Amino acid sequence: MADMYTPQDPTTQFPRPPFPPQQQDGPGDIHKMDPAPDHGEKTYIGKGRLPERKALITGADSGIGRAVAIAYAREGADVALSYLAEEQKQAEEVADLVRAEGRTAVLLPGDLQQESTNAEVVEKAVAELGGLDILVINAGTMPTVDSIDDFETKTLDHVVKANIYPLFWLTKAASPHLKPGASIITTSSVQGFNPSPSLAEYATSKAGIANWTRAMSQQLIERGIRVNGVAPGPIWTPLQPAFVPNEKIEEFGSQTPMGRAGQPVELAPAFVFLASQESSYVVGETIAVTGGMPVH
Ligand code: NAD
Ligand code: MG
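The sections below set out a description of the structure shown in this document. Fair warning: this is a prediction, and the values are worked out from it, not measured in the lab.

### Quick look at the sheet that holds strand 2 (residues 78-83)
Strands in a sheet are paired, the pairing made by backbone hydrogen bonds, and the direction either parallel or antiparallel.
Next, step 1: The strand order across the open sheet built from 7 strands is 3-2-1-4-5-6-7, with neighbouring strands paired in parallel fashion. Every interior strand has two partners, whereas the edge strands, strand 3 (105-109) and strand 7 (286-289), have only one. Strand after strand, the sheet turns through a mean of 15° between neighbouring axes, direction not considered.
Next, step 2: Sheet analysis places strand 4 (residues 134-137) next to strand 5 (residues 183-187), joined by 4 bridges and oriented parallel. Its bridge partner lying in strand 5, Ile134 is registered against Ser183.

The following block contains the structure:
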């Protein structure tokens, strides 16, 4: 695991392509990935930026959500983890890492494509954490469809149900509990601004997330609640071997100016910044963490 605080050349800080060919069934398992992704388990050092805050993170078992959960706990927050039932083992590992910091971890399996699950996840998080200050809406799915000839309504229904509806469902359920100073953070993508041809359904949803972030930020700032987002570039998470074909895995990250993929831990500081009071004047923004791929 690379040291993330010593100044160094970022182009060689983490693994560069080629990556070994590998494929998984969704939603994917971090332990089947080669090289092992870095979620900051051994490297992230908290600086007390989220003292006694209570956070709900979706997609928290693996990838970016896992790195955010570890960072939030080390910054002083209690964390509720939302994930799919088949990811229970990975979620329990994250809960152990949160508890190792002396923080509370709440495990909330469930499919967020169901409206009722969203309300239940929020209510259980509020009940077991004793309130809610930070909502990270990060879960997502990414089917690839190479040609419009293969478009299927069910694919778009699935993408919109998983990637877009929870923005509204989770925020509606959470907003009565959020006090001034609370923060909502979304996960968009470079795909929302600069799409790949085989990701039209996904890219449309990610553009929608960035747009929702701007719209909702203007509603909720009246209540003292800030809404912002993060747009990752290509990040080494199970989403990739689960949805992207091997020829693209081998070259994964090479399309960025930096020439390498990002690691989940490299996203964590942006999510910490947007959740903390340090970002008090940042509203409706989507921060690019892309290895130099332009967004906006
Ligand atoms: P990941 O597979 O580790 O995380 C995605 C998580 O979403 C899964 O772990 C799962 O728990 C959750 N999820 C998916 N469908 C769900 C459903 N129906 N109900 C509940 N939970 C569900 O991969 P990741 O790359 O860390 O993805 C996190 C976010 O980052 C996603 O929104 C993804 O679109 C976004 N993103 C990823 C990349 C990348 O290159 N990895 C780039 C840009 C954006
Ligand atoms: Mg997962």
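### Some details on the site of ligand 1
Next, step 1: Surrounding ligand 1, one finds 29 residues, the nearest of these being Ser62, Glu87, Tyr202, Thr237 and Gln240.
Next, step 2: The contact in question runs from an oxygen atom of ligand 1 to an N or O atom on the backbone of Gly63, over 3.4 Å.
Next, step 3: Within the contact set of ligand 1, an oxygen atom lies 3.3 Å away from a backbone nitrogen or oxygen of Gly233.
Next, step 4: Bound to the protein, ligand 1 loses 97% of the 800 Å² it would expose on its own.

Rules used throughout
Residues numbered from 1 in each chain as written. Chains lettered and ligands numbered in written order. Predicted model: local features only at pLDDT ≥ 70, side-chain atom pairs only at ≥ 80, totals over all residues. Heavy atoms only, no water. Pairing = 2+ DSSP bridges. Helix = DSSP H or I, 4+ residues; strand = E, 2+ residues; numbered from the N terminus. Axes fitted to C-alpha atoms, helices over the stretch in contact; angles between N-to-C directions. Near = heavy atom within 4 Å. Polar contact = N/O pair within 3.5 Å; in protein donor to acceptor, adjacent residues only side chain to side chain. Areas by Shrake-Rupley, 256 points an atom, 1.4 Å probe, with all protein chains shown as cover.

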